[in-house]
Amino acid sequence: ALVEIEVEPHEAVIIPPNGYVLGLSLEYFRIPNDIIVLCYGKSTLVRSGILVNVTPFEPGWVGHAVLEISNMTPLPAKVYAGEGIAQVLFLKGEPPATTYADRQGRYQDQRDIVTSRV
C-alpha cells in the first residue's frame, strides 16, 4: 500500500531495511530540446548503502523529478528533507526527431509524486 507523507525542511524520513521511498525534487525542471539530463546519487549516501535512482530527463521533459531512494542495508536509514542527495549532469547534443513533450510522455509536468502509469 502506498503511504504518502509530507515532511518539513530538514525533517527525517526513515527508510526501512531493504526498503525504499519515493521523493520529489525541490527543483522544477524544463529541459530544452537539445539537452538530456542524468541524475546520480551522491557518494556519501552510496557509501552508506543509500541508492538514489532517477530515470534520465529526456529532451522536452518538464516537471519535478521523482527520486527512488533505496536503503540497501539491513538497518533502518534516515534521509532528510531538503538534503542534497543527488547531482544532475546536463548533456548537450542534437535534438531528437521526437521529444518527450512531442509524444506526450506519461510523466510530463508532474508536480507531485507519480507512481507507475504502466
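Analysis parameters
Residues numbered from 1 in each chain as written. Predicted model: local features only at pLDDT ≥ 70, side-chain atom pairs only at ≥ 80, totals over all residues. Heavy atoms only, no water. Patch = residues over 30% accessible without salt bridge, like charges linked within 9 Å, V, L, I, M, F, W, Y side chains within 5 Å. Areas by Shrake-Rupley, 256 points an atom, 1.4 Å probe, with all protein chains shown as cover. Salt bridge = Lys/Arg side-chain N within 4 Å of Asp/Glu carboxyl O. Helix = DSSP H or I, 4+ residues; strand = E, 2+ residues; numbered from the N terminus. Buried < 20%, exposed > 50% of the residue type's maximum accessible area, 1.4 Å probe, protein only. Core = buried A, V, L, I, M, F, W, Y, C linked by side-chain atoms within 4.5 Å. Contact = heavy atoms within 4.5 Å.

### Quick word on a nonpolar patch on the surface
- A cluster of nonpolar side chains, contributed by Ile36, Tyr40, Leu89 and Leu91, occupies part of the molecular surface with about 340 Å² of accessible area.
- For the nonpolar patch, the elements supplying multiple residues, two or more each, are strand E3 (35–41) and strand E7 (86–92).
- Classification of Tyr40 by relative accessible area gives partly exposed; the value is 48%.

### Here we look at the pattern of salt bridges
- What the rule picks out here adds up to three salt bridges.
- Where Lys92 meets Asp34, a salt bridge forms, and the shortest distance between an N and an O atom there is 2.7 Å. A residue pair is termed long-range when its members are at least 10 positions apart, and Lys92 in strand E7 and Asp34 in the loop between strand E2 (20–30) and E3 qualify at 58 residues.
- Note on Asp34: relative accessible area 21%, which makes it partly exposed.
- A salt bridge links Arg103 to Glu58; the shortest N-O distance between them is 2.9 Å. Here the residue Arg103 occupies a position in the segment after E7, and Glu58 occupies one in the loop between strand E4 (50–53) and strand E5 (62–71), the gap between them amounting to 45 residues.
- Judged by relative accessible area, which is 28%, Glu58 ranks as partly exposed.

### So, the nonpolar core
- Ranked by size, the top nonpolar core spans 20 residues in total, and within it Ile31, Val54, Phe57, Leu67 and Ile69 carry the most contacts.
- Each residue touching Ile31, except ones within four places of it in the same chain, is listed here: Val37, Phe57, Glu58, Pro59, Gly60, Trp61 and Phe90.

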